Amino acid sequence: MGSNATNWKLEAHPNMPKGKILAMIVLDGWGEQIKDEYNAIHVAPTPCMDSFRETAPDRWRLVKAHGPAVGLPTEDDMGNSEVGHNALGAGRIFAQGAKLVDSAIATGKLFKGEGFNYIKEAFPTGTLHLIGLLSDGGVHSRYDQLQGLMKGAVENGCKRLRVHALTDGRDVLDGTSFKFLEMLENDLKELREKGCDAQVASVGGRMYVTMDRYDNDWNVVKRGWDAQVLGEAPHKFTNALEGLKKLKEADPKFNDQYCPAFVIVDEAGKPVGPIVDGDAVVTINFRADRMIMLAKALEWEKFDKFDRVRVPKIRYAGMLQYDGELKLPTKYLVDPPEIERTSGEFLVKNGVRTFACSETVKFGHVTFFWNGNRSGYFDSKLEEYVEIPSDSGITFNEQPKMKALEIGEKARDAILSKKFDQIRVNLPNGDMVGHTGDLKATIVACEAADKAVKLMVDAIEQVGGIFVITADHGNAEDMAKRNPKTGEPIKDKDGNIQILTSHTCAPVPFIIGGPGLAKEIKLRKDLPTAGLANVAATVMNLHGLVAPSDYEPSMVEWVK
Ligand SMILES: O=C(O)[C@@H](CO)OP(=O)(O)O
Ligand SMILES: [Mn+2]
Ligand SMILES: [Mn+2]
């Protein structure tokens, strides 16, 4: 159903009252896991979060936050912020980027589409550049999709191929960049045997090169631009894998996420793959947030974020279109999921005044992702979105409290002002610090997030409101790689654990409470497999409204 045909009116709920101020709190990266020393949430003092389960166990449950429950291909796919917030906001499960690309490649549809035809025009005389995250994490990209794309491009006439690889270590174990680069080198060798001049052109770690988001730090994108487009970087090597090895040897603190940028040069010292006029470029990530800034640099004529020095005339396509509102990029290989009629839009159109807040690194999560990958307000008279600037240029284990307190205070003030019906926040700590793999810092991070929750819950007490607390996926609850059968942390011969920097497949808590929550409102017992997509209808009920019939069912009911 297109938005033109949409009936936006939501019926009043027969029993649940309207007009309660509702705090919608998302703890990023906060799952439920074995309570041992590698569970940072368990180790951290989190008296507020603990109290809900202890004092009102019937208002506490777990919900699914990974795999098919959030539109990902398989049960082995851990959750992530994009799919998690999409599901939370949309109230329905959409086949997500990962799945859409899989099927477009498997059916060959990708190679017949408008986007591919567009870049194909460059094949006879130009080079095809593929830029993106090199791992099988499945959060932003997947290696088998890159393989499929390279193979299909060569079959469709690509004669010269360059890969600009971004090492991961965040969605996969740190140190695996070597394995993936080796796989890539082997695949490129095979393509060369088929007559395509295929090589790695540049490498850099995702958090230091290219994959910034929400305009947090344009230097990150500039480093990538210099290496990928201009062929300039602080390090130059004739072989990618050797380059990676040398950088690791030279720096004891080396890790995949922050690998410095380097370019591959030929025997004469000339970069093998700068991007030049007449080339084609594809950004291979399917996930939007960390590709948007690069897409702007590649596509926008007017651009003042950094000096691009040289702007090549290229044919550029994204794996997906990353921003439907901005139509960015204009060309793309796979149609993104059409996430329409989100709860945010419904609620605003039914007069629910909405306040949303996070710090920069997660700001788009409670706005852009929540609203179905859509930027901006639905109705600027009824909405206010506040972004608190994140620290930039540091890894978050250096400042694990991040801006939790500031977010909590802003939300508290918004609650107490009574100017809003819904106050929605994302608290990034568990996730952002969890990704650093620093257990001690993650414990501090979880404590800070708990304090922020307390600020909001106390404010809800004062205004007689309702709170809803959940998370978008797991992360901080598990900082060690575990044996999948026993759940025991895997230890090496020296007894050291393998640090887990990634998200998890754990379920996440879902909690309701507050003085405005009538005692007749109960969590349903008949939805044991409910997931994040069930939250939107629940929240609509708590606002006194009946959810649209195609939404996943509400987890609450009125019991006399
Ligand atoms: O940092 C990110 O991009 C992802 C992990 O790849 O985390 P999140 O989904 O929580 O934003
Ligand atoms: Mn997240
Ligand atoms: Mn994360």
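Everything that follows concerns the structure shown earlier in this document.
One structure accompanies this document, and this report is about it. Everything numeric here is computed off the predicted structure, so don't read it as measured data.

## A word on the site of ligand 1
- By nearness alone, 17 residues border ligand 1, and Ser81, His140, Asp171, Arg287 and Arg290 come closest of all.
- Arg290 is positioned such that a nitrogen or oxygen atom in its side chain is 2.6 Å from an oxygen atom of ligand 1.
- Within the side chain of His473, a nitrogen or oxygen atom sits 3.2 Å from an oxygen atom of ligand 1.
- Expressed as a share of its isolated accessible area of 310 Å², the protein-covered part of ligand 1 is 100%.
- In terms of residue class, the shell around ligand 1 is made up of 1 nonpolar, 7 polar and 9 charged.
- Two domains each put at least three residues into the shell around ligand 1: domain 1 (28-95 + 339-558) and domain 2 (98-334).

## Side note on unusual backbone geometry
- Backbone torsion omega between Leu328 and Pro329 reads -15°, so that peptide bond is classified as cis.
- In this model, Arg341 sits at a positive phi of 55°, which is unusual for a non-glycine residue.
- Topologically, Arg341 is positioned in the loop between strand E10 (332-334) and helix H11 (343-349).
- A residue is classified by how much of its surface remains accessible, and Arg341, at 8% relative accessible area, is buried.

## Looking at the pattern of salt bridges
- Summed over the entire model, instances satisfying the criterion amount to 29 salt bridges.
- The shortest N-O distance in the salt bridge between Arg142 and Asp102 comes to 2.6 Å. Taken together, the positions of Arg142 in the loop between strand E3 (128-134) and helix H6 (143-155) and Asp102 in helix H4 (residues 97-106) put the pair 40 residues apart, joining distant regions of the chain.
- What you see here is one network of salt bridges that share partners, running through Asp28, Lys362 and Asp431.

## Comments concerning the sheet that holds strand E1 (residues 22-27)
- The strand order across the open sheet formed by 7 strands is E2-E15-E14-E1-E13-E11-E12, and the pairing between neighbours is mixed. With partners counted over all chains shown, the strands left at the sheet margins are strand E2 (60-63) and strand E12 (383-388), one partner each. Looking at each pair of strands side by side, their axes are set apart by 15° on average, direction ignored.
- For E2 and strand E15 (residues 508-513), the ladder comprises 4 bridges, and the chain directions are antiparallel. Note on E15: the bridge partner recorded for Trp60 is Ile511.

Quick notes on the rules
Residues numbered from 1 in each chain as written. Chains lettered and ligands numbered in written order. Predicted model: local features only at pLDDT ≥ 70, side-chain atom pairs only at ≥ 80, totals over all residues. Heavy atoms only, no water. Near = heavy atom within 4 Å. Polar contact = N/O pair within 3.5 Å; in protein donor to acceptor, adjacent residues only side chain to side chain. Areas by Shrake-Rupley, 256 points an atom, 1.4 Å probe, with all protein chains shown as cover. Nonpolar A, V, L, I, M, F, W, Y, C, P; charged D, E, K, R; others polar. Domains from an automatic or database assignment. Helix = DSSP H or I, 4+ residues; strand = E, 2+ residues; numbered from the N terminus. Buried < 20%, exposed > 50% of the residue type's maximum accessible area, 1.4 Å probe, protein only. Salt bridge = Lys/Arg side-chain N within 4 Å of Asp/Glu carboxyl O. Pairing = 2+ DSSP bridges. Axes fitted to C-alpha atoms, helices over the stretch in contact; angles between N-to-C directions.

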